[in-house]
There are 2 protein chains.
Amino acid sequence: MTHGHFTAGAPAPDLQTAQAAHRRIQSFVHRTPVITSASLDRLTGARLFFKCENLQRAGVFKTRGAFNAVYSLSDAEAARGVVTSSSGNQAAALSLAARTRGIPAYIAMPKIALKSKVAAVERYGGNIVWVESQGAVPTAEEYEATAAAIQARTGASPVHAYNDLRTIAGQATCALEFLEQQPALEVVLAPVGGGGLLAGTALATKCLRPGTDVVGCEPEMADDAQRSFRTGRIVRDFQPRTIADGLRTALGDLTYPLIARYADDVVTVTEAGIVSAMRLAWEVLKLVIEPSSAVPLAAVLEGKLAVAGRSVGVILSGGNADLDNLPWRP
Amino acid sequence: MTHGHFTAGAPAPDLQTAQAAHRRIQSFVHRTPVITSASLDRLTGARLFFKCENLQRAGVFKTRGAFNAVYSLSDAEAARGVVTSSSGNQAAALSLAARTRGIPAYIAMPKIALKSKVAAVERYGGNIVWVESQGAVPTAEEYEATAAAIQARTGASPVHAYNDLRTIAGQATCALEFLEQQPALEVVLAPVGGGGLLAGTALATKCLRPGTDVVGCEPEMADDAQRSFRTGRIVRDFQPRTIADGLRTALGDLTYPLIARYADDVVTVTEAGIVSAMRLAWEVLKLVIEPSSAVPLAAVLEGKLAVAGRSVGVILSGGNADLDNLPWRP
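Residues numbered from 1 in each chain as written. Chains lettered and ligands numbered in written order. Predicted model: local features only at pLDDT ≥ 70, side-chain atom pairs only at ≥ 80, totals over all residues.

1. Things to note about the overall build of chain A
Put simply, the test is: Note on conventions: DSSP H or I runs of at least 4 residues are helices, E runs of at least 2 residues are strands, and numbering of each starts at the N terminus. Based on C-alpha atoms, the radius of gyration is set beside the globule rule, defined as 2.2 Å times the residue count to the power 0.38. Exposed residues have 12 or fewer other C-beta atoms within 10 Å of their own C-beta, buried residues have 20 or more, and residues in between are partly exposed; the C-beta atoms are placed from the backbone. Residue pairs qualify as contacts under a 7 Å threshold applied to their C-beta atoms, which are placed from the backbone.
Check the secondary structure of chain A and you find 13 helices and 10 strands. On C-alpha atoms alone, chain A measures out to a radius of gyration of 18 Å, which is about the 20 Å that the 2.2 N^0.38 rule sets for 330 residues. Per-residue burial for chain A yields a buried fraction of 56% across its 330 residues. In chain A, 75% of the contacts between residues at least 6 apart in sequence involve partners at least 24 apart.

The following block contains the structure:
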């Protein structure tokens, strides 16, 4: 799956693109609630607002991008289906969007995918194609080969989990809603892996509220986005070793320029901080969130940001945690 | 703590009482969101609407009744504080309400209370008084003696967890909100232990929507409310052995008449059904709920009610689960 860099051809996504995406998908996705916690405000000194994308359909914000991509296709394109590579959330989200439109979704999945993730794809009617791999974990090239073979056989349209302008515009709808629900946010925090959510969030937020800071949050153990942001080029040579399984990927050539242009900073958190924040969200917010989703809250708790007295929006990106393997289990 | 039966003196609570409670407490409590799940609708054949009282302050609907009681007191009464007996949710909720009004809360707690429950009371500034007991679990009389001693010493006003008209009116505000958020509910389900939530829910729902069914849900292993409802007298001689620790109490002489008058039925569920429903809520709804809160969903899943094609409101009553002791842990 290849994509032109938007600065070299395709138009950069803008506020209008995001607003069009919102109109396109809003009857299909949940307008997720925003919740607050006096206990966490007291603990952090901030006024925290949590945008509950863990309560989004399929349990993750990626449903937004998947619906936007699927419903951006012409009928003729759509009829041939969509294809993506994913071991988890994108697989479920795209399967759901495709089933809703009544078209096939082909998912290139690694054989090591969690049973619960496989079950989610099957529940949403996705067609799983196992990625053949020399090692235990498929390489990017092996994923690519599988997806390319599906595409050649079916004519399905590729929908990348983050490096796709339709995906990014879909993810931007989360911030559009968030700012409608809570107009006075002074800071917005989003986790960053491949950068689809952060790129969309930064784009939408800065276009609507130029004075609001947007900060990406990632694990120290996968700090490629911070290094990319600071050095001005996409860092791809790193070995992520983090519990936040959704944040192990490098930025894409479409997400990076948006982040470089619109985000204010990228901060990192420790692995212990991720686990504490995740547990705190379960215990105090009563929300099931997955490790990747705990990263922005961890950044607040670890003091990586100046939040005292400020209104801080925290995007809780997803809730697909493995209930049989909790990180705080003794 | 004694209370007159309202048919023998005090006025029965009515819709106006509940509406007054709502005006009294609405700036203090969360207007909790209502969420839906296409997956659970598909699984059950119903249109399910979940009222998320697990996202209420202190993680439980009891915050409503506690605030209503605390803010119903005169300044002179309030200054002497409030007192309750509780091993859990009422303790935290009343401590929070009292702290908010700036008055002391005295909590008669058993020494066997869970550490997490004790921590919640301490976090909210409640004054814990340990109940002296001959056995491991205090008897009703031992609780009563401790609370009476506190009352005699301090002049604090007793606020019963369910058998108090102010408490019941406060719990009724949950259904008032629910029907504003989702006016076309055909059935409303609430768990029933002491009956405060069910009494308030039935009262509010029947007064606003006489055609909407209200059904209490309880464990088979603590089926006193069903037997009370069917025999016409409060069943008190039973040995509850259920994981749903919030539902082990008998109905009160104030909650029972309201349930008898306004509820349509009480159904029971198995222990295995409670655990499955609890896990399903965590996995699919991404909500942390405690075992007691899973009972109405268990009733739907076990087919204890005719729900096919109907709009069913499910009150998820609380989220104070013990994260270190999950019932599905191997």
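2. Observations regarding the interface of chain B and chain A
Contact with chain B, which involves 17 residues of that partner, is made by 17 residues of chain A. Taken together, the elements giving at least two residues each to the side of chain B that touches chain A come down to helix H2 (38-44) and helix H12 (271-285) of chain B. Ranked by the residues each element gives to the side of chain B that touches chain A, the list is headed by H12(B), at 3 residues.

3. Focus: the domain arrangement of chain A
Residues and elements named next belong to chain A. Formally: Segmentation into domains, and thus their bounds, comes from an automatic or database assignment. Three classes are used, and their members are as follows: Ala, Val, Leu, Ile, Met, Phe, Trp, Tyr, Cys and Pro are nonpolar, Asp, Glu, Lys and Arg are charged, and the others, Gly among them, are polar.
Each assigned domain of chain A is listed with its residue range as follows: domain 1 (6-61 + 164-316) and domain 2 (63-158). The C-alpha centroid of domain 2 is placed 24 Å from the C-alpha centroid of domain 1. With 20 residues of domain 1 in contact, the opposing surface of domain 2 contributes 13 residues. Breaking the side of domain 1 that touches domain 2 down by element, the ones donating at least two residues are helix H1 (15-25) and helix H8 (165-181). Here the element with the most residues in the side of domain 1 that touches domain 2 is H8; it accounts for 7 residues. Tallied by class, the residues present in the side of domain 1 that touches domain 2 amount to 9 nonpolar, 7 polar and 4 charged.

4. Let's talk about the pairing of strand S4 (residues 105-109) of chain A
All names here are of chain A. Basically, it comes down to this: Strand pairing is assigned whenever DSSP identifies at least 2 bridges connecting the two strands. Every crossover in which the path from the first strand over the helix to the second runs clockwise, viewed with the strands pointing away from the viewer, is termed right-handed.
Taken across its 5 residues, S4 has 5 buried, putting it largely inside the fold. Here S4 shows a buried face lined by Ala105, Ile107 and Met109 and a second buried face lined by Tyr106 and Ala108. In the sheet, strand S3 (residues 82-85) pairs with S4 via 4 bridges, with the strands oriented parallel. Residue pairing in the sheet places serine 85 in a bridge with alanine 108 of S4. Tracing the backbone out of S3, into helix H5 (residues 89-101) and back to the parallel element S4 gives a crossover that is right-handed. As judged from the 4 bridges shared by S4 and strand S5 (residues 127-130), these two strands associate in the parallel manner. By the bridge assignment for S5, isoleucine 107 is matched with isoleucine 128. Assessed by its sense of winding, the connection that carries the chain from S4 through helix H6 (residues 115-123) to S5 is right-handed.

5. Overview of the relation of the copies chain B and chain A
Note on the chain copies: they are related by a rotation about an axis and a translation along it. The test is simple: Here the copies are superposed with least squares, the fitted atoms being C-alpha atoms of residues at a pLDDT of at least 70 in both.
With an RMSD of 0.0 Å, chain B superimposes on chain A once it is rotated by 180° and translated 0.0 Å along the axis. In short, the pair behaves as if placed about a two-fold rotation axis. Residues of chain B ranked by C-alpha distance from the rotation axis are headed by Leu287(B), positioned 2.4 Å from it. Take the interface residues of chain B: 100% of them recur as interface residues in chain A, which is what a same-surface contact looks like.

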